[in-house]
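Structural features, examined
Below, each chain spelled out in residue letters.
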Amino acid sequence: MRLQNSWKSVAFLGAVASSVLAFGSVQAQELKNINFMSSNDGSCGTYPQFMIQAFGYLEKEGYKVTLLDSDTNVPYVAFLSNGDADLVFLDSSEVLTARAVGQDIKIVYEAYQFAPEGIVVKDDSPIQSLSDLKGKKIGLAEQPDELTTKIALDSVGIGLDEVTTFVVGNQGPIMAAAIRDNTVDAFAGGSADRAALEAQGVKFRNITPDAISKNPGNSIAVWGPTLEEKRPLINAFLHAWA
């Protein structure tokens, strides 16, 4: 009898476990998906995107998140406009560019208040400030960095037509060579670009004033025409993020 009862207990526990697993599976299937494009989907710098998953914050809201690959040459705003992304991270230059050409984006969350973009020069360069850049060659990590450069130069009364700008690229060895060989007098890029330069052993100085850098570094944007339709999704994501 004891043996039979033991088997009955095992069978009962197995049935309970199966029910729990099945219930959990159903719950997982019922979670609605959110497509999010981060500034760097593999970086711990934007740690909330990992925390909302690790601690189940988003699941409590009834959603799950899919991190879209951020390693792309396609402007992030394009993923919003075509519906592939529900929310994306945009830096200040991307926000300004999108609004300048009439793209209907809406900023729903300001994640960082200090922009990582800036202009640097070689450590031994005679250039000491933005005012010294008139007539100089400024390399860009990416095309959007031209807008950041324009804003910086405007602050000291230098027009973009008074300097030469061109895209160098954001590959460490290429950026380093451009600076070491004096192909450029200055270089405009973000914190990741500067980290790549440091990894190549390049010594440089950041000549961007704090007043220029004190603007939203990364903002979470959505597509305006779908804002109301996706409001529950957006609220759930930002609640979990916060």
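Attention here is on the structure that accompanies the text. (Residues numbered from 1 in each chain as written. Predicted model: local features only at pLDDT ≥ 70, side-chain atom pairs only at ≥ 80, totals over all residues. Heavy atoms only, no water.)

Within the protein, the secondary structure is distributed over ten helices and ten strands. Counting only residues that meet the buried cut, the protein has 39% of its 242 residues in that class. Long-range contacts, defined here as pairs at least 24 residues apart, represent 75% of the contacts in the protein between residues at least 6 apart. (Helix = DSSP H or I, 4+ residues; strand = E, 2+ residues; numbered from the N terminus. Buried < 20%, exposed > 50% of the residue type's maximum accessible area, 1.4 Å probe, protein only. Contact = heavy atoms within 4.5 Å.)

Reading across the sheet, the five strands line up as S2-S1-S3-S10-S4 and stay open at both edges, with mixed pairing between neighbours. The open sheet has two edge strands, strand S2 (63-67) and strand S4 (105-112), and neither has a second partner. Direction aside, neighbouring strands of the sheet carry axes that sit 30° apart on average. Bridge count between strand S1 (residues 32-37) and S2: five bridges; the pairing is parallel. Within the sheet, the bridge partner assigned to Asn35 lies in S2 and is Thr66. (Pairing = 2+ DSSP bridges. Axes fitted to C-alpha atoms, helices over the stretch in contact; angles between N-to-C directions.)

On to the side chain of Asp145. In this fold, Asp145 is placed in helix H6 (residues 145-154). One buried charged side chain, Asp145, makes no salt bridge at all; its nearest oppositely charged neighbour is Arg194, positioned 8.1 Å away. In this structure Asp145 touches Glu117, Leu140, Ala188 and Gly189, once residues within four positions along its chain are discounted. (Lys, Arg positive; Asp, Glu negative; His and termini not counted. Salt bridge = Lys/Arg side-chain N within 4 Å of Asp/Glu carboxyl O.)

The next point concerns the pairing of S1. Pairing geometry for S1 and strand S3 (residues 87-90), over two bridges, is parallel. Following the sheet pairing, Phe36 is matched in S3 by Leu87.

As a further point, take helix H7 (residues 172-180). Looking at H7, one finds that the buried residues are Gly172, Met175, Ala176, Ala178 and Ile179. Relative to the axis of H7, the buried residues are bounded by an arc of 160° and lie together on one face. Looking at the packing, one finds that the buried side of H7 touches strand S5 (118-122), strand S8 (186-189) and helix H8 (191-199). At the C-terminal side of H7, Asn182 shows a positive phi close to 60°. (Arc of directions from axis to C-beta.)

Counted according to the given criterion, the structure contains five salt bridges. One salt bridge in this structure joins Lys134 and Glu162, with 3.3 Å as the shortest N-O distance. With Lys134 in the loop between S5 and strand S6 (137-140) and Glu162 in the loop between H6 and strand S7 (164-167), this residue pair connects regions lying 28 residues apart in the sequence. Of the charged contacts, one joins Asp154 and Lys150 as a salt bridge, the two residues approaching to 3.0 Å between their closest N and O atoms. Separated by four residues within a single helix, Asp154 and Lys150 lie in helix H6, roughly one turn from each other. Taking relative accessible area as the criterion, Lys150 reaches 36% and is therefore assigned partly exposed.

Below, the discussion takes up the packing of aromatic side chains. A full pass over the atoms with the stated rule returns six aromatic pairs. Residues Phe36 and Trp241 carry aromatic rings whose centres are separated by 5.7 Å and whose planes lie at 75° to one another, so their mutual orientation is edge-to-face. Residue Phe36 is found in strand S1, and its partner Trp241 is found in helix H10 (residues 231-241); the two are separated by 205 residues along the sequence. For Phe36, a relative accessible area of 0% corresponds to the buried category. Assessed through its relative accessible area of 9%, Trp241 is described here as buried. Centroid distance Phe237 to Trp241: 5.6 Å. Interplanar angle 35°. Geometry classified as tilted. Remark: Trp241 and Phe237 occur in helix H10; sequence separation between them is four residues, near one turn of the helix. An identical accessibility class is assigned to Phe237 and Trp241; each is buried. Following the ring pairs from residue to residue traces out a cluster consisting of Phe36, Phe89, Phe237 and Trp241. (Phe/Tyr/Trp six-rings, centres within 6.5 Å; stacked < 30°, edge-to-face > 60°.)

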